[in-house]
Amino acid sequence: MRRTALTTPELLDELEKFHGRQEPCWPEDPYEFIVWWHCGYPASDATCTKGWEKLNREVGIEPDNLLAASPQNLAAALKPGGMVPELRGLRLKEIARRVKDELGGDLRAALSGPLSAARKTLKKFPSIADPGADRILLFAGIAPLAAVPSNCPQVLVRVLRGQERENYGVNYREAQQAIAAEVPETLDARKRAYLLLKRHGQEICKRTKPKCEKCSVSSHCAFFAGHRRGRATPA
Ligand code: SF4
């Protein structure tokens, strides 16, 4: 079938028609997000939400709650979120201590300076790299960054250019450039793009074995049309 190329905004409209309007299922406050992110392992919306709910019920999420809790109680509260609850409990104490002692108890206020400084502050927390920092700054309403879901940079890359590269950083940058170039630089537009790409990447355009036969944008997709960009066709 002949491929008709879409712009990124047109692609997002198609994804919204298929998946519907998306809402974040995680807390948008920067401190709460970092706590939520450690409530599950491997981290996913489902595991983090399970651990987060029990942590809220049984311990509380404020820095003082986390610092006062015994390691055993913290691990027990985090257990529904999956593996290594003891280690995640220790990380939560580290996060709480940093926010309380180094950032005056208010992470959001500590992120109010230049973006480079905000990113640096966020990346000092465990398990937060550039994609996580971008996501936090976007969903907290601090900056309308071209954030890309860390586990789904392949969606935009495949549709617009063809098979993704083996290098994760290259894929992330290519997806980020596509958003930066064409999605309006507003919080709402950039959040919408993030959420739709995440949903599509998790359900249909999976990193391995994409479900192209079920995909609503296959007639516009460079990968589906056979663009391998110098790489062998997967068996
Ligand atoms: S056609 Fe396949 S590769 Fe292209 S977006 Fe859909 S699932 Fe992904």
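Reading guide: rules and limits
Residues numbered from 1 in each chain as written. Predicted model: local features only at pLDDT ≥ 70, side-chain atom pairs only at ≥ 80, totals over all residues. Heavy atoms only, no water. Helix = DSSP H or I, 4+ residues; strand = E, 2+ residues; numbered from the N terminus. Expected span 1.5 Å × (residues − 1). Salt bridge = Lys/Arg side-chain N within 4 Å of Asp/Glu carboxyl O. Buried < 20%, exposed > 50% of the residue type's maximum accessible area, 1.4 Å probe, protein only. Near = heavy atom within 4 Å. 1 Å grid on protein atoms, 1.4 Å probe; cavity = no way out; pocket = protein on both sides within 12 Å on 5 of 7 lines; lining within 4 Å. Sits in = over half its atoms within 2 Å of the grid points. Nonpolar A, V, L, I, M, F, W, Y, C, P; charged D, E, K, R; others polar. Axes fitted to C-alpha atoms, helices over the stretch in contact; angles between N-to-C directions. Left-handed = near helix turned anticlockwise from the far one by under 90°. Contact = heavy atoms within 4.5 Å. Phe/Tyr/Trp six-rings, centres within 6.5 Å; stacked < 30°, edge-to-face > 60°. Lys NZ or Arg CZ within 6 Å of the ring centre and 35° of its normal. Points joined across faces, edges and corners; volume = space filled by probe spheres on them.

Undergrad: Looking at this structure, I do not really get helix H3 (residues 45–58). What am I missing?
TA: A turn of α-helix holds 3.6 residues, and therefore any two residues three or four places apart point the same way. Here H3 contains 14 residues, and its C-alpha end-to-end distance of 20 Å stays within 8% of the 20 Å for a straight helix at 1.5 Å per residue. In the segment just after H3, Gly-60 is the residue with positive phi, at about 100 degrees.

Undergrad: What should I look at first to understand the pattern of salt bridges in this one?
TA: For side chains bearing opposite charge, pairing can occur when the charged atoms are close. Tallied over the entire structure, the rule returns 14 salt bridges. A salt bridge links Lys-17 to Glu-14, with the shortest nitrogen-to-oxygen separation between them at 3.0 Å. With Lys-17 and Glu-14 both in helix H1 (residues 8–19) and three residues apart, the pair spans about one turn of that helix. The exposure class of Lys-17 is exposed, given its relative accessible area of 65%. A salt bridge links Asp-130 to Lys-123; its shortest N-O distance comes to 2.9 Å. Classification of Lys-123 by relative accessible area gives partly exposed; the value is 38%. Linked by salt bridges that have partners in common, Asp-13, Glu-16 and Arg-192 make up one network.

Undergrad: It is not clear to me how the site of the ligand should be interpreted in this structure. Could you clarify?
TA: All residues adjacent to the ligand are Arg-158, Val-159, Ile-204, Cys-205, Pro-210, Cys-212, Cys-215, Val-217, Ser-218, Cys-221, Phe-223 and Phe-224. At a threshold of 2 Å from the grid points, most atoms of the ligand map onto the largest cavity. Across the shell around the ligand, the residue classes break down as 10 nonpolar, one polar and one charged.

Undergrad: Where do I start with the packing of helix H8 (residues 115–123) against helix H9 (residues 130–139) in this structure?
TA: The relative placement of two packed helices comes down to the angle between their axes together with the axis-to-axis distance. Across the interface, H8 lies against H9 with an axial gap of 9 Å and an inter-helix angle of 120 degrees. Every pair of crossing elements has a handedness; the one defined by H8 and H9 is right-handed. Residues Leu-115, Ala-118, Arg-119, Leu-122 and Lys-123 of H8 pack against Asp-130, Ala-133, Asp-134, Ile-136 and Leu-137 of H9. In terms of residue class, the contact of H8 with H9 is built from six nonpolar, no polar and four charged.

Undergrad: I'm lost on the environment of Ala-118 in this one. Help?
TA: Within the secondary structure layout, Ala-118 lies in helix H8. Once the C-alpha coordinates of Ala-118 and Ile-142 are considered, the two residues, 24 residues apart in sequence, prove to be 9.6 Å apart. Sequence-distant contacts of Ala-118, that is, excluding residues within four places in its chain, are made with Leu-111 and Leu-137.

Undergrad: Sorry, what's going on with the packing of aromatic side chains here?
TA: What describes a pair of aromatic rings is the distance from one ring centre to the other and the angle between the planes of the rings. Overall, the coordinates contain eight aromatic pairs when judged by the stated rule. An aromatic cluster is built from Trp-26, Phe-33, Trp-36, Trp-37, Phe-139 and Tyr-194, whose rings are joined through pairwise contacts. Directly above the ring of Trp-26 sits Arg-135, whose terminal nitrogen or CZ lies 4.1 Å from the centroid. In this structure, Arg-228 packs its charged tip against the face of Phe-223, placed 4.5 Å from the ring centre.

Undergrad: For this particular structure, what's the right way to read empty space enclosed by the protein?
TA: Over the atoms rolls a probe the size of a water molecule, and in doing so it shows where empty space is left. Scanning all chains against the criterion turns up one cavity of 30 Å³ or more. One number sums up the size of the largest cavity: a volume of about 100 Å³. What lines the largest cavity is a set of 14 residues, and nearest its centre among them are His-200, Cys-205, Cys-212, Cys-215 and Cys-221. The class makeup of the residues in the lining of the largest cavity is 10 nonpolar, two polar and two charged.

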